[in-house]
Amino acid sequence: MTHWAYRIRLAQPEDAEAYVAAHVTSQIATYAHLMPPEHADPRQAEAAIAAAELAVDLATMHDDLAAGREPFRRHWGAAAPPRGGNPGARTTPGGGSSVAAGPRGILGIACAGAGQNWWEANFDPPPVDVPYMLDRLYLRPQAQGSGVGQALFEAAVGDRSAYLWIIANNPRAERFYVRNGFSPDGAAGPAGGPWLGRPMFRMVRRT
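Thresholds applied
- Residues numbered from 1 in each chain as written.
- Predicted model: local features only at pLDDT ≥ 70, side-chain atom pairs only at ≥ 80, totals over all residues.
- Heavy atoms only, no water.
- Axes fitted to C-alpha atoms, helices over the stretch in contact; angles between N-to-C directions.
- Helix = DSSP H or I, 4+ residues; strand = E, 2+ residues; numbered from the N terminus.
- Parallel < 35°, antiparallel > 145°, perpendicular 65-115°, else oblique.
- Left-handed = near helix turned anticlockwise from the far one by under 90°.
- Contact = heavy atoms within 4.5 Å.
- Nonpolar A, V, L, I, M, F, W, Y, C, P; charged D, E, K, R; others polar.
- Expected span 1.5 Å × (residues − 1).
- Buried < 20%, exposed > 50% of the residue type's maximum accessible area, 1.4 Å probe, protein only.
- Arc of directions from axis to C-beta.

**Q** Any chance you could explain the packing of helix α1 (residues 16–30) against helix α3 (residues 47–66) here in plain terms?
**A** Geometrically, a packed helix pair is captured by the angle between its two axes and the distance between the axes. For the pair α1 and α3, the least separation of the axes is 8 Å and the interaxial angle reads 125°. Considering their axes alone, α1 and α3 lie oblique with respect to each other. Considering only the axes of α1 and α3, their crossing is right-handed. Mapping the contact onto sequence places A16, E17, Y19 and V20 in α1 and A47, A50, A51, L54, A55 and L58 in α3. Of the residues contributing to the contact of α1 with α3, the split by class is 9 nonpolar, no polar and 1 charged.

**Q** Just checking my understanding: could you explain α3 for this structure?
**A** Side chains of residues three or four places apart in an α-helix project in the same direction, reflecting 3.6 residues per turn. In this model α3 runs 28 Å from its N-terminal to its C-terminal C-alpha over 20 residues, within 8% of the 28 Å that 1.5 Å per residue would give. Restricting attention to buried positions, one finds in α3 the residues A51, L54, L58, M61 and D64. The buried residues of α3 occupy one face: seen down the axis, they fall within an arc of 140°. Those residues of α3 that are exposed and aimed more than 90 degrees away from the buried face are A48, I49, E53, V56, D63 and A66. Immediately downstream of α3, the backbone of G68 shows phi near 80°, a positive value.

Here you go:
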């Protein structure tokens, strides 16, 4: 197992470009066995626009937190420890959108919060007793098996009841979520947008 020096923290607006780069790279690698090569092209082409939009979202998130409001989504990550700090130290504040950043940049990202995404209206409604959603959790390939993914999950979700959507035929991710107490609840359907109709299903954990 590879050991990384990193800490978990909330993403900042200035992280937006690196956050999106990690998201795109990780997503392409994760689904390389399911998606055609051309799946990567629009993701990469739209990265600059996505980063600009994310920077606005991150600024709004921090404004909400400063005002005592709960943001729709929080973004978390794992960052390199400050110079002179413990290189193995990890801090895991709870809930939101995460950045996992080590000495070589962002290793992974996570995003979570209460409330459903707009596209979920096309599927079965979320369980009324589980309003909290893990929207995304991705690692760069070199961080797989390092413990960064679990640390990001704990920062973004903690011990909450939560739900998530997962693209089918992704056994590594499914094993990860089963290990963390999630199971399919029967909701399923084709994923839209860049996912080209690939089947997906919902997993739920009640704590």
